[in-house]
Amino acid sequence: MSKVLIAFQENDESRYIVQAIEQDNPDATVYFEPAMIRIENEGSLTINKATVEEMMGCDWEVQSIHVNLLTLTGHIDEDDDYFTVHWDN
Amino acid sequence: MSAKKLNLKDKYRLLTRDLDWDFSYEDRKDAFPFEEFEGIKITDWDKWEDPFRLTMDAYWKYQAEKEKKLYAIYDAFSQNNGHLNVSDARYVNAIKIFLTAVSPGELAAHSGFAFTGRQMGGIGARIAAQMQSIDELRHIQTQIHAMSHYNKFFDGFDEFSHMHDRVWYISVVKSFFDDARSAGPFEFMVAIGFSFEYVLTNLLFVPFMSGAAYNGDMATVTFGFSAQSDEARHMTLGLEIIKFLLEQHEDNVPIVQKWIDKWLWRGYRILTVVAMMMDYMLPQKVMSWKEAWELYFEQAGGALFKDLERYGIKMPDYTDLIKAEKEHLSHQAWWTFYTNSQATAFHTWIPSDEELDWLSEKYPESFDKYYRPRWELAKEMAEKGERYYNEGLPQLCQTCQIPMIYTDVQNDPRDIVYRSTKYQGERFHFCSDQCQHIFENEPEKYVHAWLPVHQIFQGNCGGPGGLEKVMDYYKLDVGKANMDYVGSPDEERWKNWKGVA
Amino acid sequence: MATQALRADYHGDGKDTEDKFHGAILVYINWDKHLFFYSAKAFPLDPNMPFAAVLEHVIGTHFCQHPEYKNINWDTVEWTLNNEPFMPVMEKSLAENGFDHKCLLRFKTAETSSFEAAGI
């Protein structure tokens, strides 16, 4: 299975998103690079709204990832409650 | 009373798909006259899927948020003399290249997506292209704003727009976008939306910008990452257009494959300069060009092409060549600019001993054998007071317009690659098989390429009268914006600010 | 069709045809395996110029910055014109020597200095 990748600007908001990703995708690898955080995983990565809200302690809209997102690879599946990138082979 | 909140999918349907209308008294074909001439067959635009489902209202909301953050940082940056916090003034030359060569490309992309957004028959694709067109305009504006602070303190920024249409090395980028914009809407989408955005821009906007941050350039990393937050959406659009075209009709597959082969190559050639910016122009090193290439192209691009195999799309057949070139690209480019710095709108320099050691470590296959000796010689010459500037003008590739610097890295990296073909009795020269094939596919397009060296000889760049006239024509401030960093007014000012002798 | 275009009669007017160089032809010249000069150099040259004059006034002034240039033994230099082996006749003109517009002249020297090993 190919690796998917998501990267965010490093800031307070992204740190909660990354914590949520780590919790929901235990096999993911997180790399801290200057000013950015890169996350890789085999096959897929999912961000769940509920987990991010739990980490942040406030409401959070999935589409607001646009503000801090830097890059990603894979196909996207997005809805009100989650955001997933995945490769199928 | 409050209306029930729409979910994302319903909102997308109502605020995007429902914006289209039926043509009752005009033929739909007349409304979209460019949709068929490229040979692409679309059977059902409704099959278009926009994975981000971003509607215009959400788009404005998030873009406004990005802009507020960005301009707050610009204010802080200029109020606090942010230019004094960069690692070294040599670094600023990388963003001079950015402003003269890359930023005007954003404007070209803006115009290209406006055209494409008008010409594609499907509403989902039109709206996505429209958003991207607005994004690209935002990118050039924010980049000019960010650089305007540096322009107050360093040479080489002020005539970027004039230079873009004239200066020899900048023609490489200009002609790239001109090539894409003069194609039909679908080729443009594959060229810029897919090959450039999905496979290549990552290399400029992610590792280079991370390097900008590491070198203390708060303004550049901020506009870079703000732009890149749009690029993540652009990449998704690029992938969607490819999937859509391939699923619409099997006859589209060979056309799309030909465009991918062409545009991945064209974009890759341009990245030569990014390779050099990463390896030679960031005083504090983050990641070598080769490492960035392995992560963002070989790994991420490899996964992409593996996914596209199910449609019958193959990785271009020059993959082995570009794998071999990663050991050489940045060194060949910096040497070219270093030795031709009398005609560049930025400064160049000999890498320091620590930098040479870093390059030796990062490029064990090539650096000590082929490139370090050149710098040792350059150092020897400079120490004798004979800083080396190459006399004369280079031979250019007819397609990519880059000087013919590329060597046969798979056999003997000391031999320049020469390819040529005759068309209507005239000989044309190329840096590679790929640039030759691109020409041979559409010779009528490339025979009227504006090659800067030939234009100079024809007397079209300031008239006859030597290179001085050419520099005036470029509006290149000789003795200030060009030549070596050592001894430049930039260096002198920097030392004064920093209180070093 | 020679270009995928809206109109079947689309064509480009060559920007670099011979008539645009005021009587000169373009000649590209490279010293093989000497990337001290990063690429071949381009020159607009009078086709009536004798080859000996090109050697002295064009090659001589544009490749002499190389520290090894003065050691070249010109009697043993191997030439190619458009990638074919070529033996220039010094007193004959470029045209008589077979040079045409946008031709590529390369020369290879026999020295085996450390410079050549590194391709400088």
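The structure this text deals with has already been given above.
Residues numbered from 1 in each chain as written. Chains lettered and ligands numbered in written order. Predicted model: local features only at pLDDT ≥ 70, side-chain atom pairs only at ≥ 80, totals over all residues. Heavy atoms only, no water.

Participant: Could you give an account of the sheet that holds strand β7 (residues 82-86) of chain A, with specific residues and numbers?
Facilitator: Residues and elements named next belong to chain A. Sheet architecture is open: 3 strands sit in the order β4-β7-β6, paired in antiparallel fashion. Only two strands of the sheet have a single partner each, and these edge strands are β4 (44-48) and β6 (75-78). Adjacent strand axes in the sheet meet at a mean angle of 10°, parallel and antiparallel pairs treated alike. (Pairing = 2+ DSSP bridges. Helix = DSSP H or I, 4+ residues; strand = E, 2+ residues; numbered from the N terminus. Axes fitted to C-alpha atoms, helices over the stretch in contact; angles between N-to-C directions.)

Participant: With reference to specific residues and values, describe the pattern of salt bridges.
Facilitator: Residues and elements named next belong to chain B. Here the structure, examined in full by the defined rule, presents 56 salt bridges over all chains. Close ionic contact of Lys-262 with Asp-179 constitutes a salt bridge, the shortest N to O distance being 3.3 Å. In this pair, Lys-262 sits in helix α10 (residues 252-280) while Asp-179 sits in helix α7 (residues 171-181), placing the two residues 83 residues apart along the sequence. Asp-179 shares its class with Lys-262; the two are buried. (Salt bridge = Lys/Arg side-chain N within 4 Å of Asp/Glu carboxyl O. Buried < 20%, exposed > 50% of the residue type's maximum accessible area, 1.4 Å probe, protein only.)

Participant: Tell me about α10(B), and name the residues and values.
Facilitator: Residue and element names in this part refer to chain B. Here α10 contains 29 residues, and its C-alpha end-to-end distance of 42 Å stays within 8% of the 42 Å for a straight helix at 1.5 Å per residue. The sharpest bend along α10 comes to roughly 30°, located at Thr-272. Summarising burial for α10: 26 of the 29 residues are buried, a large majority. (Expected span 1.5 Å × (residues − 1). Bend = angle between axes of the 7 residues up to and from the residue.)

Participant: I'd love a proper account of the arrangement of the chains, names of residues and values included.
Facilitator: Between chains B and C lies the most contact-rich interface of the 2 pairs of chains that touch. Contact between chain A and chain C is absent, and the least distance between their C-alpha atoms amounts to 31 Å. (Contact = heavy atoms within 4.5 Å.)

Participant: How would you summarise the interface of chain A and chain B if you had to cite specific residues and measurements?
Facilitator: Many authors give the size of an interface as the accessible area that is lost as the parts come together. Listed per partner, the contact involves 33 residues of chain A and 41 residues of chain B. On the chain A side of the interface with chain B, the three residues burying the most area are Gln63(A), His66(A) and Val67(A), jointly 19% of the side's total. Linking chain A with chain B are 2 salt bridges. Note that Glu61(A) is salt-bridged to Lys61(B), the shortest N-O span being 3.4 Å. Where chain A meets chain B, there are 18 residue pairs in polar contact (both at pLDDT 80 or more). Looking at the side of chain A that touches chain B, the elements with two or more residues in it are β1 (3-9), β3 (36-42), β5 (69-73) and β6 of chain A. Residues belonging to the side of chain A that touches chain B are distributed by class as follows: 12 nonpolar, 12 polar and 9 charged. (Buried area = accessible area lost by both parts, 1.4 Å probe. Polar contact = N/O pair within 3.5 Å; in protein donor to acceptor, adjacent residues only side chain to side chain. Nonpolar A, V, L, I, M, F, W, Y, C, P; charged D, E, K, R; others polar.)

Participant: Explain the interface of chain C and chain B to me, using residue names and the numbers behind them.
Facilitator: In this complex, chain C contributes 47 residues to the contact, which on the side of chain B involves 55 residues. Interface area for chain C against chain B, summed over the two sides, is near 4,400 Å², with a carbon-plus-sulfur share of 55%. Remark: the boundary between chain C and chain B carries 4 salt bridges. At the boundary of chain C and chain B, one finds 30 residue pairs in polar contact (both at pLDDT 80 or more). Of all elements in the fold, only β1 (25-31), β2 (41-45), β5 (103-108) and α2 (114-117) of chain C reach the threshold of two or more residues within the side of chain C that touches chain B. Classifying every residue of the side of chain C that touches chain B gives 22 nonpolar, 15 polar and 10 charged.

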